[in-house]
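This is what each chain is made of:
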Amino acid sequence: MSDRLSVLKTYKLYVGGKFPRSESGRVYEVTDSKGNWLANAPLSSRKDARDAVVAARKAFGGWSGATAYNRGQILYRVAEMLEGRREQFAAEVAEAEGLSKAKAAAQVDAAIDRWVWYAGWSDKVAQIAGASNPVAGPYFNLSSPEPTGVVAVLAPQESSFLGLVSVIAPAIVTGNTVVVVTSEKAPLPALSLGEVLATSDLPGGVVNILSGRVNELGGPLAAHQDVNAIDLAGAAADAELVKALETAAADNLKRVLRPRAADWTADPGTERMLAFLETKTVWHPMGV
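All residue numbers here refer to positions counted from 1 along the written sequence of the relevant chain. This being a predicted model, a pLDDT of at least 70 is required before a residue's local features are given, and a value of 80 or more before pairs of side-chain atoms are given or counted; all residues contribute to the totals for chains, interfaces and linings. Note that the side-chain values use all heavy atoms of the structure and ignore hydrogens as well as water.

## Quick look at the pairing of strand β1 (residues 27-31)
- A strand pair is defined by DSSP finding two or more bridges across the two strands. A helix here means a DSSP run of H or I that spans at least four residues, while a strand means a run of E at least two residues long, and both kinds are numbered starting from the N terminus. Here β1 pairs with strand β2 (residues 37-42) via five bridges, running antiparallel. Residue pairing across strands places Glu 29 opposite Asn 40, the latter belonging to β2.

Structure representation (C-alpha cells):
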C-alpha cells in the first residue's frame, strides 16, 4: 500500500492571465457523477465578475487589433496544447459527465477539432460577413465585420468541455474578449482550460474564466454597462432566469444570444461567430 498522502487540489479563477482566488474567499465542493468528491472550485462573487470584465476590456484593443492571421495562429497553438493534455481532459470529462473513457475521449477529440476548425475561420469570416455593395454613384461602398466587444458567456451546463469550446472559440476568433461562467456542477475542465490558455500565446484577459453559481453571476454580467453582448447557453434550463437576464441586458442594448436546445456534437456552422460581429460600412469616392 502507498504511504503517500493525496495532494488535494483547490482550483483558482483565471482572470487577466492570472490565477486569483475568489475575492470572497469562498469555494465549493465539486463531485463526480456518483457524488464522489473531486476538488474544490472557487465560488465567484459579483466583484470577481466585475474584475473579469475590466480585464476583458483591457485586452480588447490589442486582441481585436491583431491581424486575423495572427489570431488564427494563436488559437491553433491552443489546440496543440490541448492535444498534449488530451488524457487529462478525457479523465476530467469522464468524471464530470459520467461517461466511459472512450466516450469522454471522443468528446475531447471533438472539442480539439472544433477549436482548430474555428481557428481556421479567423481570416475567412470576413469573406462571408463582408461585402462590396452596389450603389448608384461614383463610390466604393464596402462592408466589413468588426467584433462587438466584451462578451459574457454562460457556458453549457451539461457539456463541460465540448460545449464550453463551442461557445468560447467562435466569440474570440473574430476579435471579441470573453468572460465565461463555467458549468456550475462540472467546472473542472473549464478551469483546466485556463491553465492551458495561460501557457499559450493567448494574451491575458482575452478569456476570463469564473466558476460558481449561474444565477449569482449572470445578473451582474447581464446588467454590466461595459459588457456588449451575452450568450445565455448555460441558462437554458431556467426560463425565469433567461427572462431576467434579457431584461437586464436591454439596459445598454446588449446583443443577446438566446438559449435553445443544442446538440454540441453537431456541425456548429457559423452562427455563433456571426452573432457577435458588427458591420462597418465605408463609402469612398472612386475618383474620375
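## As for the sheet that holds strand β7 (residues 207-210)
- Here five strands make up an open sheet; going across it, the order is β7-β6-β5-β8-β9 and the pairing parallel. This sheet does not close on itself; its edge strands, each paired only once, are β7 and β9 (255-257). Taking each pair of neighbouring strands and ignoring which way they run, the sheet shows an average axis angle of 15°.
- The pairing of strand β5 (residues 150-154) with strand β8 (residues 229-231) spans three bridges and is parallel. By the bridge assignment for β8, Val 151 is matched with Ala 229.
- Each of β5, β6 (177-181) and β7 touches helix α1 (residues 46-65); the most contacted strand, β6, lies at about 155° to it. Each axis is a line fitted through C-alpha atoms, and for a helix only the stretch in contact is used; angles between axes span 0 to 180 degrees, taken between their N-to-C directions. Any pair of residues with heavy atoms lying within 4.5 Å of one another is described as a contacting pair.

## Some details on the pattern of salt bridges
- Salt bridges, as used here, are contacts in which a Lys or Arg side-chain nitrogen is within 4 Å of a carboxyl oxygen on Asp or Glu. On inspection of all chains with the given rule, the structure shows 15 salt bridges.
- Close ionic contact of Arg 213 with Glu 216 constitutes a salt bridge, the shortest N to O distance being 3.6 Å.
- Classification of Arg 213 by relative accessible area gives partly exposed; the value is 36%.
- In this structure, the salt-bridge partner of Arg 255 is Glu 278, at a minimum N-O distance of 3.3 Å. Taken as a pair, Arg 255 in strand β9 and Glu 278 in strand β10 (residues 277-285) lie far apart in primary sequence, 23 residues in all.
- Among the charged side chains, a salt-bridge network with shared partners connects Lys 9, Arg 85 and Glu 195. For every residue, the accessible area (1.4 Å probe, protein chains only) is compared with the maximum for its type, and the residue is labelled buried under 20%, exposed over 50%, or partly exposed between those bounds.

## Observations concerning a nonpolar patch on the surface
- In this analysis, a patch consists of residues with relative accessible area above 30% that form no salt bridge, clustered at 9 Å for like charges and at 5 Å for the nonpolar side chains Val, Leu, Ile, Met, Phe, Trp and Tyr. Under the convention used here, a 1.4 Å probe and the Shrake-Rupley method define accessible areas, while residue burial counts only the protein chains that appear. Taken together, Phe 140, Leu 142 and Met 286 make up a surface patch of nonpolar side chains, about 280 Å² in accessible area.
- Here Met 286 shows up in the segment after β10.

Read these as layout, nothing more, since geometry by itself doesn't imply function.
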